[in-house]
Amino acid sequence: MSLLNINGTNAGCLVEWDGVNCWPAVSVGERVSVSCPPLLKSHELISRTCTSKGWSNMSVPYYIACFQDNSTEEEEIGHISEYFARVKLIYTVGYGMSLSSLCIAVFIFCIFRKLLCTRIYIHLNLFSTFILRALAVFVKDAVLFADETVNHCTVSTVLCKASVTFFQYCVLSNFYWLLVEGLYLQTLLTFTFAHKRTFFWCYTLVGWGTPSVTVTIWTFLKYSYDDYGCWDDLDSGFWWIIKIPILLSVLVNFLMFINISRIIIVKTKTPDSNGGDKRFYRRLAKSTLLLIPLFGVHYIVFALFPEHVGLEARLFFELVLGSFQGFIVALLYCFLNSEVQNEIRKEIEKYKSRTDINTFHMATQDFIA
């Protein structure tokens, strides 16, 4: 299909989806080359030229360029479909576990309000980002992939763009509240006397404000200069508007991880520190120091390579393992938290005590009667 100017001359070829690849809009005379699907592991390129009559035929058919043996074509396609279906099933289960465990953790902290402090408020905001991220994944899948007959290359609805934008915001806020966890621990270890309320508003500005500004800029530029499809094209240059802030947050967090480790080693080895302080520093740092290298370092590794390189490993880390991150956070910050366990234990003992007293009163009343 070709595009005509107002004066009737040919302006180029429109975006076209051929069932395998998305051919971008180009001017007449331009030649575009695309590769085979990454999982087919074929490096041969397929080319088409934009002519005055529209797109030309492909230089090499897919079944020749992408498959070494034509008889295995259906088997390869079946293998790819099964792989993606398996990945989707695992990350759906993972996000479901994360969502339910995080909601329980938030409920527990809301019940035991005596536990609420700056540290717990930061944890609750981090929980909220993981909850939003899980919901965003479910919404995006429902909008983009519910109908397999839809042409994902050319579809461009407000709903699908909104779902992708919401997903990007949730991912960014997730990384930046993880950064806030590191900043809080760094501040706590560095400054003995700190205005926690003032710092908390700064943390809030970093955790929610930075993603809001970034996504707003990205949305404006995508709408103005790259308003194609559902805004989920990872090969677009505008993708770096999202990627660079995430890389910076992970890099800063990793540098703080090294510095916090150094501070803790120094403080625990200082002769003036008593045993209580040492236990406090170790307990305070244990969960956060586990999270910093666990969540996000792989993002830097994959960011150094194009999106189609290491696709299987990338899917495994970002979708499969990433889906269970919320569950791990709830486990470390709530379910394995000694303060939470003590409060639950006290409530159980109070309940047993009240039950025993009620039973004694009922038995006494029956005896008197």
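The rules we used
- Residues numbered from 1 in each chain as written.
- Predicted model: local features only at pLDDT ≥ 70, side-chain atom pairs only at ≥ 80, totals over all residues.
- Heavy atoms only, no water.
- Helix = DSSP H or I, 4+ residues; strand = E, 2+ residues; numbered from the N terminus.
- Buried < 20%, exposed > 50% of the residue type's maximum accessible area, 1.4 Å probe, protein only.
- Polar contact = N/O pair within 3.5 Å; in protein donor to acceptor, adjacent residues only side chain to side chain.
- Contact = heavy atoms within 4.5 Å.
- Phe/Tyr/Trp six-rings, centres within 6.5 Å; stacked < 30°, edge-to-face > 60°.
- Lys NZ or Arg CZ within 6 Å of the ring centre and 35° of its normal.
- Salt bridge = Lys/Arg side-chain N within 4 Å of Asp/Glu carboxyl O.
- 1 Å grid on protein atoms, 1.4 Å probe; cavity = no way out; pocket = protein on both sides within 12 Å on 5 of 7 lines; lining within 4 Å.
- Points joined across faces, edges and corners; volume = space filled by probe spheres on them.
- Nonpolar A, V, L, I, M, F, W, Y, C, P; charged D, E, K, R; others polar.
- Core = buried A, V, L, I, M, F, W, Y, C linked by side-chain atoms within 4.5 Å.
- Disulfide = S-S within 2.5 Å.

Student: Any details on the side chain of Ser47? Residues and values, ideally.
Tutor: Within the secondary structure, Ser47 sits in strand E6 (residues 45-51). Taking the relative accessible area as the measure of exposure, Ser47 reaches 9% and is therefore buried. Reaching out from Ser47, the side chain makes a polar contact with the side chain of Ser33 at a distance of 2.7 Å. Aside from chain neighbours lying at most four places away, what touches Ser47 is Trp23, Arg31, Val32, Ser33, Asn57, Met58 and Ser59.

Student: Requested: an account of the packing of aromatic side chains, with residues and values cited.
Tutor: What the rule picks out here adds up to twelve aromatic pairs. An aromatic cluster is built from Tyr91, Tyr95 and Phe138, whose rings are joined through pairwise contacts. If you follow Arg48 out to its NZ or CZ, it ends over the ring of Trp23, 5.1 Å from the centre. A cation over an aromatic ring shows up here: Lys140 above the ring of Phe167, its NZ or CZ 4.8 Å from the ring centre.

Student: Any details on the pattern of salt bridges? Residues and values, ideally.
Tutor: Across all of its chains, the model carries six salt bridges by this definition. Here the residues in one salt-bridge network are Lys114, Glu343 and Lys346, joined through shared partners.

Student: Mind laying out empty space enclosed by the protein, listing which residues take part and the relevant values?
Tutor: Following the criterion strictly, the structure yields one cavity of 30 Å³ or more and no others. Within this model, the largest cavity holds a volume of roughly 40 Å³. Around the largest cavity sit Tyr95, Ser98, Phe130, Arg133, Ala134, Asn174, Gly322, Ser323, Gln325 and Gly326, which together line it. Elements with a minimum of two residues in the lining of the largest cavity: helix H2 (73-111), helix H3 (118-144), helix H9 (311-323) and helix H10 (325-335). Tallying contributions element by element places H3 first for the lining of the largest cavity, with three residues. In terms of residue class, the lining of the largest cavity is built from three nonpolar, six polar and one charged.

Student: Quick rundown of the nonpolar core? Include the residues and the values.
Tutor: By size, the foremost hydrophobic cluster in this structure holds 60 residues, and its most contacted members are Phe109, Ile122, Leu126, Phe127 and Ile246. Of all the secondary structure elements, the ones that give two or more residues to this core are H2, H3, helix H4 (158-190), helix H5 (196-225), helix H6 (240-269), H9 and H10. Looking at which element gives the most residues to this core, the answer is H4, with 15 residues. The contact partners of Phe127, leaving out residues within four places of it in the chain, are Leu102, Ala105, Val106, Phe109, Val329, Ala330 and Tyr333.

Student: Report on the state of the cysteines, specifying residues and quantitative values.
Tutor: Tallied over the entire structure, the rule returns two disulfides. Across a sulfur-sulfur distance of 2.1 Å, Cys13 and Cys50 are joined as a disulfide pair. Taking the torsion about the S-S bond as the criterion, the Cys13 to Cys50 disulfide, at about 100°, is right-handed. Linking Cys13 in strand E2 (residues 10-13) with Cys50 in strand E6, this pair joins segments that are 37 residues apart in sequence. In this pair, the class of Cys13 matches that of Cys50, namely buried. Each sulfur in the disulfide pair Cys160 and Cys230 lies 2.0 Å from the other. Across the S-S bond of Cys160 and Cys230 the torsion is about -100°, and the bridge reads as left-handed. Here the residue Cys160 occupies a position in helix H4, and Cys230 occupies one in the loop between H5 and H6, the gap between them amounting to 70 residues. Across the pair, exposure class does not vary: Cys160 and Cys230 are buried alike.

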